[in-house]
There are 2 protein chains.
Amino acid sequence: MEFSSRLLENAVNEISQLPGIGKRTALRLVLHLLRQPESQTMHLASALQDLRTEIKHCKSCHNISDVEICDICVNLNRQQDIICVVEDIRDVMAIESTSQYKGLYHVLGGKISPLDGIGPHNLTIGSLVEKVQAGKVKEIIFALSSTMEGDTTNFYIYKQIEKYEVKTSTIARGISVGDELEYADEVTLGRSILNRVPFENSLKSS
Amino acid sequence: MEFSSRLLENAVNEISQLPGIGKRTALRLVLHLLRQPESQTMHLASALQDLRTEIKHCKSCHNISDVEICDICVNLNRQQDIICVVEDIRDVMAIESTSQYKGLYHVLGGKISPLDGIGPHNLTIGSLVEKVQAGKVKEIIFALSSTMEGDTTNFYIYKQIEKYEVKTSTIARGISVGDELEYADEVTLGRSILNRVPFENSLKSS
C-alpha cells in the first residue's frame, strides 16, 4: 500500500497493530476520523493516553480500577470470604452482569501457558495464595475457561492451596440454557450428566 | 456494560465510536493495549493527534498530502492534461496500485447524495470546473462507483463542463477478470456486451 502522506501512513501503521485490524480497515478508520470534527480524534487520543498513564490495578483483586482498592473489594455488602478466580477483567464484567455472584474476585491476568512464555510467576497467583494463608477465605471458585491452559492453571493453584482449610469449586460446565441437546458436544453433555443437580435447584436459578 | 474504571470506560466509549467497532471489540482492543508496552499506546495516540492537526490536502487535486501540492501533481512525467475524477483517497491508492494510469487525479471528497445532505457545494466540483475552464485539460475520466449517487455526480459534472472542449469518459464496467460468466449479474453482463472492445485491445492489457 502506497500512501500520499507520511502522517497518514503513520496513523494507519499504528492502528493496524491492534489485533484483528488490517491495513485496509485501519485506512478506513483513519479516513473516517478525518471526516469527523477534530475534537473526536483529540478525545480518542487523550482517552488512550490517560488510560495508559493513569490506570491502576486494585491492590487486592488486581482488577482494573481508578483507586487503590476497587469498588467490589471495599463493598461490605459482598461476602468477603468467597473468592472467584478469573483470567481477566472481561470475566469480572461478564459475571457481574449476571447479578448472581456476591463474593469477591481475584484477577490472574492470564493463564499458565508455557508455549506463550507465561508461567505461574507472570500471574497474580502469589497474592491469591497469601490471601488463603491469612485464613480469611472460606471458598475459592475457579472460573477459568475450560481449556488445557485453564485446567492447568486451576490445578496449579489447587496444589498450592490444598494444604490450607479452604473449599474449592469450579463453575458448572454443561448445556447452555436454550441449547438443543442434539447439537451439544459429547464432552459437555457427558459432564452435564455426571454433574447433574437436584431438580429443585434448577427451579431456583431460573 | 459496567466498568470498574472511568478511564477504561472513557477509552472504550471513544474507540467504539469508530465505524464497525462495538463496545465489546473496543474493550478487547483496550485490554490488548494495556498488555503491550506503554510506548505502543503513546505512539498510536500521537500519530492520531499529528494526523488531525498537521494533515494537508493538495491544493490542486485535493488528495491528502504532507505538502501544498502532492507528489502526483508535481510529477512532470505524468500526463498533465488527463484528470481522473475519484471519490476519495482510497480510490487514488487503488488506481495507483494498478500502475496503468499516468495522468492526474481530482478527489471529490464524496458523491452528491441529497439524503445524506451532501450537495455539489460540499464537494470539490468547483475547482475541477475551473481547471477545465482554464483550457489545459484534454480528458476527464469519471471513476466513481457505479451507484445512483455516483451516476448523479458524473452527470452533474458532465453538465457543468460539456460546453468546454474536453473529452469525457468513464471507466469500463464489465465482468471482473477471472469471474465466471454464469455468476455475473444481468446489468453488468449486458453492459459488458454493449461496450465490447476489439479483441486486440484485450490482448494488450493482459
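Residues numbered from 1 in each chain as written. Chains lettered and ligands numbered in written order. Predicted model: local features only at pLDDT ≥ 70, side-chain atom pairs only at ≥ 80, totals over all residues. Heavy atoms only, no water.

An unreviewed UniProt entry annotates chain A as Recombination protein RecR originating from Kordia aestuariivivens. Taken directly from UniProt, the Function (unreviewed entry) text for chain A runs: "May play a role in DNA repair. It seems to be involved in an RecBC-independent recombinational process of DNA repair. It may act with RecF and RecO." Under the Sequence similarities (unreviewed entry) heading, UniProt states for chain A: "Belongs to the RecR family." (UniProt positions renumbered as here; feature names shortened; annotations may be inferred.)

Colleague: Mind showing me how you'd approach the UniProt feature "zinc finger region: C4-type" (unreviewed entry) in chain A here?
Modeller: Look at the UniProt record and you will see "zinc finger region: C4-type" (unreviewed entry) annotated at residues 58–73 of chain A. Secondary structure content for residues 58–73 of chain A is 19% helix and 12% strand, while the C-alpha to C-alpha distance between its ends is 8 Å. (Helix = DSSP H or I, 4+ residues; strand = E, 2+ residues; numbered from the N terminus.)

Colleague: Just checking my understanding: could you explain the relation of the copies chain A and chain B for this structure?
Modeller: A rotation about some axis, followed by a shift along it, carries one copy of the chain onto the other. Mapping chain A onto chain B is achieved by rotating through 180° and translating by 0.0 Å along the same axis, at an RMSD of 0.1 Å. Considering both components of the superposition, the chain copies are consistent with a two-fold axis. In terms of C-alpha distance to the rotation axis, chain A has A45 of chain A as its closest residue, with the C-alpha 2.2 Å off the axis. Both copies share a contact surface, since 100% of the interface residues of chain A are interface residues in chain B too. (Least-squares fit on C-alpha atoms with pLDDT ≥ 70 in both. Contact = heavy atoms within 4.5 Å.)

Colleague: Would you explain the sheet that holds strand β3 (residues 82–86) of chain A in this entry?
Modeller: Note on sheets: strands pair through backbone hydrogen bonds, and any given pair is parallel or antiparallel. Residues and elements named next belong to chain A. Taken in spatial order, the four strands make up an open sheet running β4-β3-β5-β6, and their pairing is parallel. Here the strands that pair on one side only, and so sit at the sheet edges, are β4 (104–107) and β6 (167–170). Adjacent strand axes in the sheet meet at a mean angle of 25° when their direction is disregarded. Pairing of β3 with strand β5 (residues 139–142) involves four bridges; the strand directions are parallel. Bridge assignment links I83 to a residue of β5, and that residue is I140. Packing against the sheet, helix α6 (residues 125–133) makes contact with β3, β4 and β5, and its axis sits at approximately 145° to β4. (Pairing = 2+ DSSP bridges. Axes fitted to C-alpha atoms, helices over the stretch in contact; angles between N-to-C directions.)

Colleague: Sorry, what's going on with the UniProt feature "domain: Toprim" (unreviewed entry) in chain A here?
Modeller: The residues that UniProt annotates with the feature "domain: Toprim" (unreviewed entry) are residues 81–176 of chain A. Taken end to end, residues 81–176 of chain A is 32% helix and 18% strand, and its two terminal C-alpha atoms sit 29 Å from one another.

Colleague: I tried to follow the interface of chain A and chain B on my own but got confused; where do I start?
Modeller: Note: interface size is frequently given as the accessible area lost on complex formation between the parts. Contacts between the two partners involve 51 residues from chain A, matched on the other side by 51 residues from chain B. Across the chain A to chain B interface the summed buried area is about 5,000 Å²; carbon plus sulfur atoms make up 70%. Area buried by chain A at its contact with chain B is led by L7, L48 and R52 of chain A, which between them contribute 14% of it. Put simply, chain A and chain B have zero salt bridges between them. The interface formed by chain A and chain B includes 14 residue pairs in polar contact (both at pLDDT 80 or more). Of all the secondary-structure elements, those providing two or more residues to the side of chain A that touches chain B are α1 (6–15), α2 (23–35), α3 (38–54), β2 (64–65) and α5 (89–96) of chain A. (Buried area = accessible area lost by both parts, 1.4 Å probe. Salt bridge = Lys/Arg side-chain N within 4 Å of Asp/Glu carboxyl O. Polar contact = N/O pair within 3.5 Å; in protein donor to acceptor, adjacent residues only side chain to side chain.)

Colleague: Would you mind going over the pairing of strand β4 (residues 104–107) of chain B with me for this structure?
Modeller: Looking down a regular strand, the side chains alternate between one sheet face and the other. Residue and element names in this part refer to chain B. Side-chain alternation along β4 places L104 and H106 on one buried face and Y105 and V107 on a second face that is also buried. As paired strands, strand β3 (residues 82–86) and β4 are joined by four bridges and run parallel to one another. Pairing of I83 across the sheet is with L104, part of β4. (Buried < 20%, exposed > 50% of the residue type's maximum accessible area, 1.4 Å probe, protein only.)

Colleague: Would you take a moment to explain the packing of aromatic side chains for this structure?
Modeller: Aromatic ring pairs are reported here in terms of the distance separating the ring centres and the angle at which the planes meet. Residues and elements named next belong to chain A. Following the criterion strictly, the structure yields two aromatic pairs over all chains and no others. An angle of 65° between the planes, with centres 5.2 Å apart, marks the rings of Y101 and Y105 as edge-to-face. Note on accessibility: Y101 and Y105 belong to one class, buried. (Phe/Tyr/Trp six-rings, centres within 6.5 Å; stacked < 30°, edge-to-face > 60°.)

Colleague: Even after reading the chapter, I still don't get the nonpolar core, so can you show me in this structure?
Modeller: The tendency in soluble globular proteins is for nonpolar side chains to be buried side by side. With 48 residues, the main nonpolar core has L8 of chain A together with L8 and I15 of chain B as its most contacted residues. Counting only elements with at least two residues in this core, the list comes to α1, α2, α3 and α5 of chain A together with α1 (6–15), α2 (23–35), α3 (38–54) and α5 (89–96) of chain B. Contacts of L8 of chain B, omitting those with residues within four sequence positions, involve L51, I55, I64 and I89 of chain A together with F3, L27, V30 and L34 of chain B. (Core = buried A, V, L, I, M, F, W, Y, C linked by side-chain atoms within 4.5 Å.)

Colleague: Can you walk me through the environment of E9 of chain A in this structure?
Modeller: Tracing the chain through its elements places E9 of chain A in helix α1. Remark: the alpha-carbon pair of E9 of chain A and L27 of chain A, spanning 18 residues in sequence, is separated by 8.6 Å.

Colleague: How should I be thinking about the sheet that holds β3 of chain B in this particular structure?
Modeller: Residue and element names in this part refer to chain B. The four strands are arranged β4-β3-β5-β6 in an open sheet whose pairing can be described as parallel. Of all strands in the sheet, those bounded by a partner on one side alone are β4 and β6 (167–170). Adjacent strand axes in the sheet meet at a mean angle of 25° when their direction is disregarded. The strands that α5 touches are β3 and β4; relative to β4, the one it contacts most, it runs at about 160°. On top of the sheet, helix α6 (residues 125–133) reaches β3, β4 and β5 (139–142); it is set at about 145° to β4, its chief contact.

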